[in-house]
Amino acid sequence: MAEMHAWNAQNMGSYFETGDGRRMLIRAAFSQAKDDGISILEIGEDVWGLGTFFHGNIKELVDAFETAHREISPDIELRLQIGLSRHCDIAYLEDCLSLF
């Protein structure tokens, strides 16, 4: 992991560590899926990303995925996922899950 993080820092910088950067990555994922002929896309965000990139607002997170889906590849079936990071406190994970 350290090698991967070092490569990322050297070659990509920190742009994708912002909400706008994350939205760009989401849009890129839908564009790549469309180009690859994917029919079902299971994609999502880890719970730490909810706070880091979407201000703790689940609607903002879901809207980012649904907007990209609608605008780029509406024919692909979208299956949203949420990741439960082992690095997060249990109470935080339970709070995030309460939104579902």
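These numbers were taken from a predicted model, which means no experiment stands behind them.

*Asks:* Just checking my understanding: could you explain the pattern of salt bridges for this structure?
*Replies:* Between side chains of opposite charge, pairing is possible as soon as their charged atoms come close. Under the counting rule described, the total for this entry stands at 6 salt bridges. With a shortest N-O distance of 2.9 Å, E77 and R79 are connected by a salt bridge. Judged by its relative accessible area of 35%, R79 is partly exposed.

*Asks:* Quick question: what am I supposed to make of helix 4 (residues 58–72) here?
*Replies:* An α-helical segment advances 3.6 residues per turn. Residues three or four places apart therefore align on the same side. An ideal rise of 1.5 Å per residue puts 21 Å on 15 residues; helix 4 measures up with 21 Å between its terminal C-alpha atoms. For helix 4, the complete set of buried residues consists of I58, L61, A64, F65, A68, H69 and I72. Looking down the long axis of helix 4, one finds its buried residues gathered within 140° of arc, a one-sided arrangement. Opposite its buried face, helix 4 presents the exposed residues K59, R70 and E71, each directed more than 90 degrees away. Considering only its buried residues, helix 4 is in contact with helix 2 (19–35), strand 1 (40–46), helix 3 (47–54) and strand 2 (77–83). You can read the cap of helix 4 off the contacts: a side-chain oxygen lies 2.9 Å from the backbone nitrogen of K59, and it is on N57.

Conventions adopted
Sequence order as written defines the numbering, with residues in each chain counted from 1. Given that the model is predicted, a residue must reach a pLDDT of at least 70 before its local features are reported, and side-chain atom pairs must reach 80 or more before they are shown or counted; all residues, however, enter totals for whole chains, interfaces and linings. The basis for every side-chain value is the complete set of non-hydrogen atoms in the structure, without hydrogens or water. Salt bridges are counted wherever a side-chain nitrogen of Lys or Arg sits within 4 Å of a carboxyl oxygen of Asp or Glu. Whether a residue is buried, partly exposed or exposed follows from its accessible area with a 1.4 Å probe, protein chains only, as a fraction of its type maximum: under 20%, in between, or over 50%, in that order. Each helix corresponds to a stretch of at least 4 residues labelled H or I by DSSP, and each strand to a stretch of at least 2 residues labelled E; elements are numbered beginning at the N terminus. Each residue after the first adds 1.5 Å to the expected span of a helix. The directions from the helix axis to the C-beta atoms form the arc being described. Any two residues having at least one pair of non-hydrogen atoms within 4.5 Å are treated as being in contact. The definition of a polar contact used here is a pair of N or O atoms within 3.5 Å, where within protein one atom must be able to donate a hydrogen and the other to accept one, and adjacent residues in sequence count solely through side-chain atom pairs.

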